[in-house]
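So the chains spell out like this:
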Amino acid sequence: MSTTEQAASAAKEVDAFMTALAARNPGQSEFLQAVREVVESVMPLVLDRAAYRDERVLERLTEPDRVVTFRVAWIDDTGRVEVNRAFRVQFSNVIGPYKGGLRFHPTVNLSVLKFLGFEQIFKNSLTGLPMGGAKGGADFDPKGRSDREVMRFCQAMMTELYRHIGEDVDVPAGDIGVSGREIGYLFGHYRRIANRVAGVLTGKGVTYGGSLIRTEATGYGCVYFVENMLQHRADSMDGKTCVVSGSGNVALYTAEKAMQLGAKVVTLSDSEGFIYEPDGLTPEKLAWAKDLKEVRRGRLREYADHFKCEFRAGAVPWIVPCQVAFPSATQNEIGRADAELLVKNGCLAVGEGANMPSTIEATSVFLDAGVAFAPGKAANAGGVA
Ligand code: NDP
C-alpha cells in the first residue's frame, strides 16, 4: 500500500471506531474528543500490529474499569439541605493504582470526567511511574461558599468516596475548584472515618504529609517543558511575551516560573474576563494576585481595580499578541479562530497547562504552522510526577 492509501485506510478505521464509540456513549462530546485525538494518532500502529487489533486494545482502553456515581447531601449555612452529584471514574489500573484529580465545578458531568480520566492514563504513564488513570469530582461550585460549607460538602463527599480509594487502590488529588483547603477537609474526614493515616490523597499541606513544591509543580513543569522545546530550536523563554489564561493553581505558578526565566507575562484570566498588563506582571503584583486568589478567593476584576490596569470583561486573552501561550484554565478554551489569531500574531510556542485546552481544529492550526506545541498530557504532568 502507498503512504496515501495507508493514511486513507487509517482515517476510515478511525471514523468507524469513533462511530461505534459515539453510539455507546451518546452525548459525551468531551470524552469522544479526547479519544479521537488519541485514536487518530495511534491507529496506524494498531493497523500495523495484528495483536493490537485481535486483542481489541482500543476497545478495552476506551471503556473505564469502573464508574461510581453517588449523591452528596449536605447542609448549607442557612440550614437548607443541598444535593450534589459526585463521581469517581476509575479508568485503568493496568500499570498501577488509579491516580487523578477531583474537580468541583458546576459543569462537571460524566463526559468531562471520562475525558479527564482517559487522558490521565497517558499522562501518568508518560511520567515513567507505575500509576493508573482516574478522575473524579462533583457538580458542586465552591465559589461564594463559606469555608464551613466547603468543609461540610467535602466531609459528605468523603463519607462515600472513602470506600473506593486507598494508597494501593486509587489516590485522588486536586483539580479545578479543589486546592489545599478542599484536600485538607477531605483528608481529615478520611482519617477520621477510616481510622488510619495513609497517603490516600495528594496535594496535602506539608505539615501533615504533603510533598514540598506540589503547589508549584504543574505550572513550573509546564514552563520547563516549553523552555526545553524552545532550546531545541536554539531559543529560550528569556524575553518572550507570554499570554496566560486562568488565575488558579496552574496559571499562577506558570506565570511565576515564566517570569523567573526572564519572560514577560501580560495576562491572567478568569471566567469573567482577563487583565492586561502590557509591561508585564511584577513579582509584587503576582504576589498580590496569589493572595487574592489563594487566600481571599476574590475575582480578577479586583486586581484590575487595585492596580488600575485594563480588565477586558467577557473576552479571552488570545487576542493579545504573544510569542508563547499558556492555556491554563479549562478544556476547549482555544478554538480554531483563536489559534489562527495567535499564529498570525507571531506565537512560537504553546504550553498546555490545562487539560485539552485546544480543540482538535486548534491543535491542527498550531501543528500546520510549525508552532512548538506541548500537549497537556505531557506538559502538565509536573504535579503527578
Ligand atoms: P483552579 O480551580 O485553581 O483554577 C481554574 C482557573 O480557570 C480559574 O481562574 C477559573 O476561573 C478558570 N476557569 C475555570 N473554568 C473556566 C471556564 N469555563 N471559562 C473560563 N475560565 C475558567 O484550577 P487548576 O489551576 O488546578 O486547573 C486548571 C486547569 O489545569 C484544568 O484544566 C485542570 O484540569 C488542569 N490541570 C491541573 C493540575 C493541577 O495540579 N492543579 C494538573 C494538571 C492539569 P473562575 O474562578 O472564574 O472559575
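Since the structure is predicted, the reported quantities are computational estimates derived from the model, not experimental observations.

Scanning all chains against the criterion turns up zero disulfides. Free of any disulfide, Cys322 has its nearest cysteine sulfur in Cys347, 4.6 Å distant.

Quick look at the packing of aromatic side chains now. On inspection of all chains with the given rule, the structure shows 15 aromatic pairs. When the centroid spacing of 5.4 Å and the interplanar angle of 90 degrees are considered together, the rings of Trp74 and Phe140 count as edge-to-face. Of this pair, Trp74 sits in strand β1 (residues 66–75) while Phe140 sits in the loop between β4 (133–138) and α6 (147–161), and the two are 66 residues apart along the sequence. Across the pair, exposure class does not vary: Trp74 and Phe140 are buried alike.

Attention shifts here to α6. In an α-helix, one full turn covers 3.6 residues, which means residues spaced three or four apart are oriented alike. With 15 residues, α6 extends 20 Å between its outermost C-alpha atoms, agreeing within 8% with the 21 Å of an ideal straight helix rising 1.5 Å per residue. Three or more residues of α6 are buried, namely Glu149, Val150, Phe153, Cys154, Gln155, Ala156, Met157, Met158 and Leu161. Looking at the packing, one finds that the buried side of α6 touches β1, β2 (81–92), β3 (98–104), β4 and α7 (180–194).

All right, on to the environment of Arg24 then. Secondary-structure assignment places Arg24 in helix α1 (residues 3–24). Sequence separation of Arg24 and Glu63 is 39 residues, and the distance between their C-alpha atoms is 9.8 Å. Reaching out from Arg24, the side chain makes a polar contact with the side chain of Glu63 at a distance of 2.7 Å.

Next up on the list: the sheet that holds β4. Pairing in this open sheet of five strands is mixed, and the strands run β1-β2-β4-β3-β5 from one edge to the other. Looking at strand neighbours, the two that pair on one side only are β1 and β5 (170–173), the edges of this open sheet. Adjacent strand axes in the sheet meet at a mean angle of 20 degrees when their direction is disregarded. Inspection of the sheet shows β3 paired to β5 by four bridges, in the parallel sense. Following the sheet pairing, Gly100 is matched in β5 by Pro172. Along the sheet, α6 makes contact with β1, β2, β3 and β4, crossing β1 at roughly 140 degrees.

Reading the values: rules and limits
Residues numbered from 1 in each chain as written. Predicted model: local features only at pLDDT ≥ 70, side-chain atom pairs only at ≥ 80, totals over all residues. Heavy atoms only, no water. Disulfide = S-S within 2.5 Å. Phe/Tyr/Trp six-rings, centres within 6.5 Å; stacked < 30°, edge-to-face > 60°. Helix = DSSP H or I, 4+ residues; strand = E, 2+ residues; numbered from the N terminus. Buried < 20%, exposed > 50% of the residue type's maximum accessible area, 1.4 Å probe, protein only. Expected span 1.5 Å × (residues − 1). Contact = heavy atoms within 4.5 Å. Polar contact = N/O pair within 3.5 Å; in protein donor to acceptor, adjacent residues only side chain to side chain. Pairing = 2+ DSSP bridges. Axes fitted to C-alpha atoms, helices over the stretch in contact; angles between N-to-C directions.

Without other data, these values stay purely geometric and don't point to any function.
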